[in-house]
Amino acid sequence: MRIDVITIFPDYLAPLGLSLVGKAREQGMLDMRVHDLRDFTHDRHRTVDDEPYGGGPGMVMRPEPWGEALDAVLTEHADPLLVIPTPSGGPFTQSLATAWAARPGMVIACGRYEGIDARVADHYAAQAEVVPVCLGDYVLAGGEVAALAIVEAVTRLLPGVVGNEASIADDSFAPGSMEGLVEGPVYTRPPEWRGHAVPDVLLSGDHGRIAAWRREQAERRTRDMRPDLLEG
Ligand code: JEH
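Fair warning: this is a prediction, and the values are worked out from it, not measured in the lab. (Residues numbered from 1 in each chain as written. Predicted model: local features only at pLDDT ≥ 70, side-chain atom pairs only at ≥ 80, totals over all residues. Heavy atoms only, no water.)

Colleague: What am I meant to see in the nonpolar core here?
Modeller: Generally speaking, soluble globular proteins have nonpolar side chains that are buried together. Core analysis: the largest hydrophobic core is formed by 29 residues, its most contacted members being I3, V83, W100, M106, I108, I150 and V154. Taken together, the elements giving at least two residues each to this core come down to strand 1 (2-7), helix 1 (19-26), strand 5 (81-91), helix 3 (94-101), strand 6 (105-109), strand 7 (129-134) and helix 5 (144-155). The greatest single-element share of this core, amounting to six residues, is contributed by helix 5. Ignoring any residue separated from it by four or fewer positions in sequence, one finds I3 in contact with L30, D31, M32, R33, M106, I108, V151 and T155. (Core = buried A, V, L, I, M, F, W, Y, C linked by side-chain atoms within 4.5 Å. Buried < 20%, exposed > 50% of the residue type's maximum accessible area, 1.4 Å probe, protein only. Helix = DSSP H or I, 4+ residues; strand = E, 2+ residues; numbered from the N terminus. Contact = heavy atoms within 4.5 Å.)

Colleague: Teacher, can you tell me more about the site of the ligand here?
Modeller: Near the ligand you find 18 residues, and of these P85, Y113, G136, Y138 and L140 are the closest. A distance of 3.3 Å separates a nitrogen atom of the ligand from a polar backbone atom of L135. Within the contact set of the ligand, a nitrogen atom lies 2.7 Å away from a backbone nitrogen or oxygen of Y138. Within the complex, 68% of the 710 Å² of free accessible area of the ligand lies under protein. Most atoms of the ligand, that is more than half of them, are within 2 Å of grid points of the largest pocket. Among the secondary structure elements, those contributing two or more residues to the shell around the ligand are strand 5 and strand 7. Of the residues forming the shell around the ligand, the biggest block, three residues, is contributed by strand 5. Per-class residue counts for the shell around the ligand are eleven nonpolar, five polar and two charged. (Near = heavy atom within 4 Å. Polar contact = N/O pair within 3.5 Å; in protein donor to acceptor, adjacent residues only side chain to side chain. Areas by Shrake-Rupley, 256 points an atom, 1.4 Å probe, with all protein chains shown as cover. 1 Å grid on protein atoms, 1.4 Å probe; cavity = no way out; pocket = protein on both sides within 12 Å on 5 of 7 lines; lining within 4 Å. Sits in = over half its atoms within 2 Å of the grid points. Nonpolar A, V, L, I, M, F, W, Y, C, P; charged D, E, K, R; others polar.)

Read these as geometric descriptors, not functional statements.
Shown next, in the form of structure tokens:
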């Protein structure tokens, strides 16, 4: 898979050289390139922002550097997908991660300030699938943290990246697992730690009872922590 990230803070994406994503890159399953938006400016100060038309606080990202960067990067993509993190996007969900893991690649455009001039998304809709996404209901300072989350969520679904295929099928939000439930508590050795015992059932070897107990725990925790998941 090919992933291009465009940002004014390329160093923000440095963690994607580590861990699972880093291994996927070393193993040649992921070709990820990070581009500095300022390399696509032409003025002496490498300006990427300007005042908002209509007034208001903050600054908006100018369309010209985005146009030059996206023209250069999108031509490298066969079936172009342009992902734009923004507080006004649709929710980024596991089902989007699954769909995107099956594609040849994507370009992630990381805005800063009050966001990117809206004409950029409009313009590229003619040549790419443009998807504005939002991580969650809190306000970040830019799209970089969302890009980290998206790259990790998608990459771990690539065939051969996670050694254990069962860990993917079992994901809380994955289609066909414990549908729409969060996971209950998990334990490892020792059987007693600082006076806290592991529930007996998990040491019983009775796989039927263990499965029933886990289901009950998942339902209980979903009711307590994520009642919204039970509404549907
Ligand atoms: C934030 C991309 C580019 C800050 C404020 C405003 C909210 C009311 N889950 C997420 N949160 N934030 C982002 C995100 C994702 N994905 C995100 C970004 C950019 C993604 C620039 N920023 C900073 C930013 C304007 N406010 C938005 N409003 C509803 C709480 C108030 C206005 C825009 C951009």
